[in-house]
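Structural overview for review
Residues per chain, in single letters:
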Amino acid sequence: DGKEIFVGHIVKTHEGWVTYKCQAGEINEVYVGYGGFRLKAKNPKAKGYWLEDGKDVKIIGNIFENPELLAQS
């Protein structure tokens, strides 16, 4: 939808989108690590998922104003 994505945003992957271990409709936090923007994995020991194209996700909030969104996922 033309919005820039920043660290701390909470995003939801679009329906029909699937990548390695990340499912369509999943809610994740955006962070920077391992050389790029990533989506935090639910498992704290995992590196998370690459966020290569902002078209794959929709911003639904951020960790500062909407932390409860992460509890729903």
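Residues numbered from 1 in each chain as written. Predicted model: local features only at pLDDT ≥ 70, side-chain atom pairs only at ≥ 80, totals over all residues. Heavy atoms only, no water.

A closer look at the packing of aromatic side chains
Rules: Pairs were defined over the aromatic rings of Phe, Tyr and Trp, the Trp ring being its six-membered one, requiring ring centres within 6.5 Å. Orientation was assigned from the angle between planes: stacked under 30 degrees, edge-to-face over 60, tilted for the rest. Geometrically, a charge over a ring is one whose NZ (Lys) or CZ (Arg) sits within 6 Å of the ring centre while staying within 35 degrees of the ring normal.
Within this structure, the stated rule accounts for zero aromatic pairs. A cation over a ring is seen here: Arg-38 above Trp-50, with NZ or CZ 4.2 Å from the ring centre.

A few points about the pattern of salt bridges
Operational definition: Within this document, salt bridges are pairs made up of a side-chain nitrogen of Lys or Arg and a carboxyl oxygen of Asp or Glu, the two lying within 4 Å of each other. To qualify as a helix, a DSSP run of H or I must reach at least 4 residues; to qualify as a strand, a run of E must reach at least 2; elements of each kind are numbered from the N terminus.
Under the definition given, this model contains one salt bridge. With a closest N to O distance of 3.6 Å, Glu-29 and Lys-40 form a salt bridge. Note that Glu-29 is positioned in strand β2 (residues 27-33) and Lys-40 in the loop between β3 (36-39) and β4 (49-50), a separation of 11 residues in sequence.

Here's the deal with a nonpolar patch on the surface
We count it as follows: Like-charged residues within 9 Å of one another, or nonpolar side chains (Val, Leu, Ile, Met, Phe, Trp, Tyr) within 5 Å, are grouped into patches, provided each residue has over 30% relative accessible area and no salt bridge. Here the accessible surface of atoms and residues is derived via Shrake-Rupley with a 1.4 Å probe, and residues count as covered only by protein chains that are part of the display.
A cluster of nonpolar side chains, contributed by Val-7, Val-32 and Phe-37, occupies part of the molecular surface with about 260 Å² of accessible area. For Val-32, the location among the structural elements is in strand β2.

So, the side chain of Asn-62
Using the following cut-off: Polar contact is the term for a pair of N or O atoms within 3.5 Å; when the atoms are in protein, one must be able to donate a hydrogen and the other to accept it, and sequence-neighboring residues count only if both atoms are side-chain atoms. Residue contacts follow a heavy-atom distance rule, with two residues in contact if any of their heavy atoms lie within 4.5 Å.
Structurally, the position occupied by Asn-62 is in strand β5 (residues 57-62). A distance of 2.9 Å separates the side chain of Asn-62 from the backbone nitrogen of Phe-64, its partner in a polar contact. Residues contacting Asn-62, with those up to four places away along its chain left out, are Gly-8, His-9, Ile-10 and Pro-67.

A word on the side chain of Glu-29
Filter applied, for reference: Using a 1.4 Å probe on the protein chains alone, a residue whose accessible area is under 20% of its type maximum counts as buried, one over 50% counts as exposed, and one in between counts as partly exposed.
Given a relative accessible area of 13%, Glu-29 falls into the buried group. With residues up to four places along the chain from it excluded, the contact list for Glu-29 reads Gly-8, His-9, Arg-38, Leu-39, Lys-40, Ile-63 and Leu-70.

Any functional reading would require information beyond the geometric quantities listed.
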